Structures are given as structure tokens and as C-alpha cells.
Amino acid sequence: MKLHGKLAAVLAISTCLTTPALADGDTITVGFATAESGFMQAYDKPAQDAAMIRIDEINAAGGLLGKQIKVVTADTKTDRAEGAKAGLSVIDQGADLVVVSCDYDFGAPAALAAEAAGKVSFFLCAESIKAGIQGVGPHSFSASVLAAVQGATMAQWAYEKKGARDFYRLLDNWTEYNKGICDGFDWMLPKLPDAKLVGEDTFKNDDASIAAQITRIKSLPKEPDAIMLCTMMPGAVSAIKQIRAAGITAPILNGSGVDGSYWLSAVPDLSNFFVPVQGSIYGDDPNADVTKFNATYKTKTGGDPSSQYVYPGYVMIDLWAKAVERAKSTDADAVVAELEKMKDEPTIFGTRTFTPELHHQNQARYLIVDVEKGQPKVVDQWTISEPIPVSALMK
Amino acid sequence: MTRTSILRRTVATPVLLSLILVALALVTYLIGSRPFNQTMIDLFIRVIMVVGLYIFIGNSGVISFGHTAFACLGGYMAAWLTIPPMMKGTLLPGLPSWLAAIHLPFWVAAMIAAVWAGLWALIFGRILMRLSGIAASIATFALLAMINTIYSNWSSVTGGTSSVVGIPIVRALWPYLIAAVVAIFVAWAHAISRAGLALRAARDEPTAAMASGIDIPRERLVAFALSGAVMGLGGALYAHSIGVVTPDTFYLGLTFTTLSMLVVGGMSSLTGAVLGVVLLSLLIQVLRWLEAGVPIGTSSFALPNGLQEIVLGIIMILILMRRPAGLFGRSELTLPRPGQGGTTPRTTAGTPP
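Per chain, residues are indexed from 1 in the order of the written sequence. For this description, chains carry letters from A and ligands carry numbers from 1, given in the order in which they are written. The predicted nature of this model means local features are confined to residues of pLDDT at least 70 and side-chain atom pairs, given and counted, to a pLDDT of 80 or more, with totals for whole chains, interfaces and linings taken over all residues. No hydrogens and no water enter the side-chain calculation; it runs on all heavy atoms of the structure.

1. Re the overall build of chain B
Rules: By definition, any uninterrupted DSSP run of H or I lasting at least four residues is a helix, any uninterrupted run of E lasting at least two residues is a strand, and each is numbered from the N terminus. Just to be clear, the radius of gyration here is over C-alpha atoms, and the globule rule we use is 2.2 Å times residues to the power 0.38. Exposure classes here rest on a 1.4 Å probe applied to the protein chains alone. A residue is buried below 20% of its type maximum, exposed above 50%, and partly exposed in between. In this analysis, two residues are considered to be in contact whenever any of their non-hydrogen atoms come within 4.5 Å of each other.
Helix and strand content of chain B: 16 helices and six strands. On C-alpha atoms alone, chain B measures out to a radius of gyration of 21 Å, which is about the 20 Å that the 2.2 N^0.38 rule sets for 353 residues. Along the first, second and third principal axes, the C-alpha set of chain B runs to 60 × 60 × 35 Å. The burial tally for chain B puts 56% of its 353 residues in the buried class. Once local pairs closer than 6 in sequence are excluded, the contacts in chain B between residues at least 24 apart make up 77%.

2. A closer look at the state of the cysteines
Every disulfide links exactly two cysteines, by a covalent bond between their sulfur atoms. Residue and element names in this part refer to chain A. Note the following rule: Cysteine sulfurs are considered disulfide-paired once they come within 2.5 Å of each other.
Counted according to the given criterion, the structure contains two disulfides over all chains. A disulfide bridge connects C102 with C125, and the sulfur atoms are separated by 1.6 Å. Linking C102 and C125, the disulfide has an S-S dihedral of approximately 90 degrees and is accordingly described as right-handed. Linking C102 in the loop between strand 3 (97–100) and helix 4 (104–116) with C125 in the loop between strand 4 (120–123) and helix 5 (130–134), this pair joins segments that are 23 residues apart in sequence. Each member of the pair, C102 as well as C125, carries the same accessibility label: buried. The side chain of C182 participates in a disulfide bridge whose partner is C230; the two sulfur atoms lie 2.0 Å from each other. Handedness of the C182-C230 disulfide follows from its S-S torsion of about 95 degrees: it is right-handed.

3. Some thoughts on the interface of chain A and chain B
The condition that has to hold: In the sections that follow, a salt bridge refers to a side-chain nitrogen of Lys or Arg positioned within 4 Å of a carboxyl oxygen of Asp or Glu. Between N or O atoms, a polar contact is any pair within 3.5 Å; within protein, one atom must be a potential hydrogen donor and the other a potential acceptor, and residues adjacent in sequence are included only when both atoms are from side chains.
On the side of chain B, 43 residues touch chain A, which itself brings 34 residues to the contact. In this structure, the salt-bridge partner of A:D92 is B:R34, at a minimum N-O distance of 2.7 Å. Counting the contacts that link chain A with chain B gives eight residue pairs in polar contact (both at pLDDT 80 or more). Contributing elements (two or more residues each) for the side of chain A that touches chain B: helix 1 (2–17), helix 3 (80–92), helix 4 and helix 5 of chain A. The biggest single contributor to the side of chain A that touches chain B is helix 3 of chain A, with nine residues.

4. Focus: the pairing of strand 13 (residues 365–372) of chain A
Residue and element names in this part refer to chain A. The condition is simple: Two strands qualify as a pair provided DSSP detects at least 2 bridges between them.
The buried fraction of strand 13 is high, at seven of eight residues. Taken together, the five bridges between strand 10 (residues 273–277) and strand 13 define a ladder with antiparallel strand orientation. The residue bridging F273 from the neighbouring strand is V371, located in strand 13. Between the antiparallel neighbours strand 13 and strand 14 (residues 375–383) lie two residues, among them K373 with a positive phi of about 50 degrees.

5. Some thoughts on the nonpolar core
Rules: Buried Ala, Val, Leu, Ile, Met, Phe, Trp, Tyr and Cys residues that are joined via side-chain atoms within 4.5 Å together make up what is termed a nonpolar core.
Core analysis: the largest hydrophobic core is formed by 131 residues, its most contacted members being B:L21, B:F44, B:V47, B:F70, B:W80, B:L270 and B:V274. Counting residues per element, this core draws most heavily on helix 3 (residues 34–60) of chain B, at 16 residues. Leave out the neighbours within four places in its chain, and B:V274 touches B:L17, B:L21, B:V47, B:V51 and B:I184. Counting residues in hydrophobic clusters, the runner-up holds 85 residues, among them A:A195, A:Y297, A:A321 and A:L358.

6. Topic: the pattern of salt bridges
Oppositely charged side chains are able to pair whenever their charged atoms sit close together. Tallying each qualifying case throughout the model produces 29 salt bridges over all chains. With its nearest N and O atoms 2.7 Å apart, the salt bridge here joins B:R288 to A:E82. Of this pair, B:R288 sits in helix 15 (residues 270–292) while A:E82 sits in helix 3, which puts the two residues in different chains. With respect to burial, B:R288 and A:E82 carry one shared label: buried. A salt bridge links A:R326 to A:E345; its shortest N-O distance comes to 2.7 Å. One end of the pair, A:R326, is in helix 11 (residues 311–327); the other, A:E345, is in strand 11 (residues 345–347), and 19 residues separate them in sequence. Given a relative accessible area of 38%, A:R326 falls into the partly exposed group.

7. Section: the environment of B:L81
Residues and elements named next belong to chain B. Mapped onto the elements of the fold, L81 is located in helix 4 (residues 67–82). What makes L81 buried here is its relative accessible area of 4%. When the C-alpha positions of L81 and I319 are compared, they lie 42 Å apart, and in sequence the two are 238 residues distant. Those residues in contact with L81 that sit more than four places away from it in its chain are K88, L99, I102, H103, L104, A109 and I112.

Written out as C-alpha cells, the structure is:
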């Protein structure tokens, strides 16, 4: 029975390796069920670093409710089944707040595990309405702003400030995020008097060429006043390059997904290119605290923030900690009730609002970054005139 | 040799394999850790899927790359049947109204999902089972790509590429254990049935088998439909284990994970299918713990993140170098008889005495 002996040994080893989790009454625990490996790591890690900065600040100032915040982590490996395990793992380690992956699809299994255990969960930077009540449950929140707000912001800002009237809409229907940006644009456009859609088209992120789509833009009687480009990395660079190479110089409006200067060298001298951001990584944010945060981030991680997607991590801990202070407890229902009372709650990246219907931002201040000759800088800020209703988001 | 004697001589295999799974479940119960419980749920689901693969691949000798498609069919069927009707209305507006109004308990849904997947396996198999060898493998791969494309794009019914949520999550271990045991017994019953014996005869000696009057496409079709149903059951339970389904969960990643577990364990052996999963899953788990860090004295020892996949790959290569037919080859786990070890060559595999 050699085989049985081996099996028994494996079982014995696995039993020894499992250490029981101990609850600790003197600390408050934040559990990160995020990707430490796999492609989501590139999104989760920066936002998590930002969250750690806020946690360190709170601990240095005496902690939360007089207790230090302890951090526990579990790797989702950018895998959904592992995500569920990671969620359960941080809950077993006593997490009072479960922080899950940036993306709804990859964060949902851990968030659902937290929901079932009656814990508050926060998506690091998911921008789909499903990341919250609609797709997880009443204890789930997202720290970012809905993708639709980005599209609506760009449409209204270009209309008001750039005098754009004839819009063209180019959608990369690869992800929910891309569709979300264009959904927001679609909602805003009819509200703008005499603005009209002169054409629309779709492509896929991994299309090698969008020549057909470009030909259709070129064959319009007159170049559109603005092109709403709903796409994300990595396909965005190729699309932008092809549009400019074809001689189309119209302003290109984008979602926040293309923020960052890391790719700009691929499209030399890019101009007339506009991106909405929650805070500026370029050192010119109107709020000096953001620039200070960027410096702290550089000291802690050794690099500048690569895009605005680091900021939601900081906002998340900031808001949650405030709710815990006000609820005087980490009890999930009490904390959710306090979060839902937040209306225009100030953060260094603008105000945030949660309601019992929506645990996400359907209206938020965005800074407008303009790229001119390959140099990005903040030129304006804009808040859409009215929040996008939940019914328009749930289609 | 009569049927009853085959039954008596081979029944020890599924019983022993089931006992190993029961022992794992008991250990999990005693440990009482939720992530470990989830790991075991994962393990049992893999056992179901790999046993599903074995029913067809092991007995027919035709490698199928398409069985994950049946898990996809099962997973989505479970989602359609168990998501609360209110949520279905907004998430999946294209469902027929009778399906949108249905709300079944998970175990009923899982059984229907298995039948549904088996039915489609029967339909596809009717066409595909005429092919043999590499042509059949490629055709099954095309089947996988086709199902994946349909489920990724039929947005109003499947939710497209977005996650379908609202599936009730079942965190109790025993339903998965029962399903895995059922899968093992189904595989065993098929293997010793007339159809199973005929199919293995056709695998080893197709010409002789045909000459003996075996209708090879028909026997393959039986195994294909049965394995499709078991995969469907696995897919349905996967959906209930994490509460989310997406088309890309049931695609290349799962296909290669399950196939490699079957190959490492031994394609032609039920023991190989089950213990391949158990051993590889436990290995993965141990590597995970090492990655997370193990306290040794005052310091802690941790492997760099991502090393788990590399070490797993190296170990799998080593196993296949040393034992090209997999860990168990064609052996099955049986009760020791005088003068023999725990594993015996399968004299029961249809070879004449």
C-alpha cells in the first residue's frame, strides 16, 4: 500500500500547513483579495499601494476608533475561482473590509463571498454599475467613478468649451468599460441643444487596422467637431495613431483608461487629445494635496503614479474610515448606513456621494487633461450638469 | 466470464476512490477553514470534470479538446434556472418568458444542466463520432470555439462577455462530494458495461473490433453523450461554487488544466483521472502556501509569487518523462490481493483472460 502511504503523507503535510485564523480585538482589519500576479496585478497593485498610503496615514495619526489598522492579503492570481478563495481567505483572517480587484468580472467572486459573509466590500477601481448593489449586493461599493460619467463629461465639456456640435462616436466593443463610456455619451448628447451625431462605428480592441472605420470618417461631408473614442489599452494606441496618420485632426475625446504618459511616445506629437481624470499625475493638479500625494507615492513605491487609477485606492480607505468613525463601529450595516449618508463628501480628488440605490458615482468632478504636442496638462475641470439616472445605466 | 464477476472484481476501484474523496472531505471538515473548504470544492469539481473527460478520452482513445463546451452549456443552464427571476429580467432580457420565470433549487438545476449538456453532446456527437484520431480532436476543438463564440456574443440570453451574476452560491462541501462520487460510479459503470468494453476493444484493436461486429461510432457516441452530461454537471456546480459564469471561464484555460490533470494521472485509468486531480491539486495548494509564506522559527519562508505555475509545469514534465502513460498508466486502484500491491494492472479492462 505504498500509494496510500504517500497520500497520507500529503494529507498530513497539508494539515500542518493550515494555521487557524485568530481574531484580534485590538486591531481593525482590511483584507485585500486582489491580484498579486497575472495581468490584473498591473491595475490592482498601484491602487492598493495608494490605499496603503492612506492606511499608514491613519495609523500614524492614532488609528481608527483608537485601533491600528492591520492589513491581510490573498492573491487572486487574476482567476475567478481563486478570487472566491482569496475573498474567503481574507474574511477568515478577520477582515472588516474586503477590498477586491479593480475589474468587476475579476473582483465579483471575492465581493460575492464578502457579501455572503455580511462584510463590506469595495472594488478598487471598477467602473461598471454592476460593481456595487446591482451586481453584488447591498454591502458592496466601488471606489471609482462610473465609465458613463466619463463619456457624458467629455460630451458636455466639448459642447460647452470647445463649441463642438457634430460628434462622431467610435466604440471598441471589447469590454463593458468601453461600452459604458459610450453609453454615457449617448445619454448626454440628446440633452445638448443642436448637437448631433454625424456618424458612428465600432471596432475591436485587437483589430490590426481600423482603415475601414477611418475611411467612413474621411468620407463625411465635413470633418466632425469631435470624435468620442470609447476604447482602452492596449488597442487604443493603435486606433489613435491610425486616426492621426490619416490626417484627421479633430479633437479626440476619451475615457480615463488612456490616461498616462507611458504610451505617448508611440504617437509622436499627438495633439488635440482630451482625457478626463480624477486627479493629475502630471504635477499640475489644482489641489496641492494631490501633488503632495504623488510625492508620497513616489517615496513609498519608487515611481510616479502611472495613471489616475492609483487614486481610487486612496479615496476608498479615506471614505470607509470616515464611515467607520461616524458609525463608531466596523459593523457592516452600520458602516454601509454611514456611507449611504455621504453626500458630496470631500476627498482630495473631488466629492463623493453614495445613496441606498447606487454605491458608485454617477456624477463627479473630472479634470480635463489636454495632450498638445505629446505633452499632457490639465486645462480645465468639469462636472456634468445632472447625475446620470440609474435607469440609463442599467441597460 | 460473466458480467457479475467483472462487477465484483472491479467495484473496489470506485469504492476506494470515493473513500479517498470522503477522507479529504472529512479532513476539510476537521480543519474548518473556509478557503480550504473552497479549495476542496474546486478539487471535487475538477474530479467531476476530469472523470467526465476520462469517460470519453480514456475509453475511446480519442483526445477531445471540446468537452469544456459542455461544462459551459451546463454552467449557463444552471445560471438560467437558479438566478432569481427579477434579476434575470434585467440581466438576460432575451430569455424565453417560461425560462425567465423559473427558479429552481440548485441540485435540480444541476441535474437538468447535466441532461441538457448530455443532449447537446448526443447531437454533436452524432456528427463528430464518425471521425477518428486527430480529425476528431480538431473537430471537438472547433466545437469548443463555436460554443464559446455563441455564448460570448448572444448578449440578451447569455449576457455576452460580461459576468452573469446572481447564481446562488453553495459553500457546503457535501453536494460537490456526492456529485464527484456519482461521477466516479457513472464512469465505472460505463467502463464495465457492454458499451464501455466494446469501446475499449475498439480503442486497442479497431479492425478486430469492427470485425467482431462493434459499431465504433455508436459506442463512441454513448461515451461522448455520457461524458458530456458529466461535464455539464461539473460546469453547473462550478457556477454554484463561485456564483459567477462568463464564457471565458469555460475556454482554453479550463480545457488545458483538466486535460493535463488527466494526462498526468493516466488517460486510460479511472484511478489516474481521480488521483491525478487530487495529487496535482494538493501540490498546487502546497505551493500556494509556500508562496504565501510559511513561518519557520522567527522568520518566514516564502517563494516568489508566480513560482507555483513554474514548479507545477516542471513537475508535470518530469512525471511525463518518467511515466509517459501518466502516473497510473492503465492500472486501477484495487484492494490488495495476496502477492500483489495496492495497484494492479487492469486485467479487467476487457482483455480476454
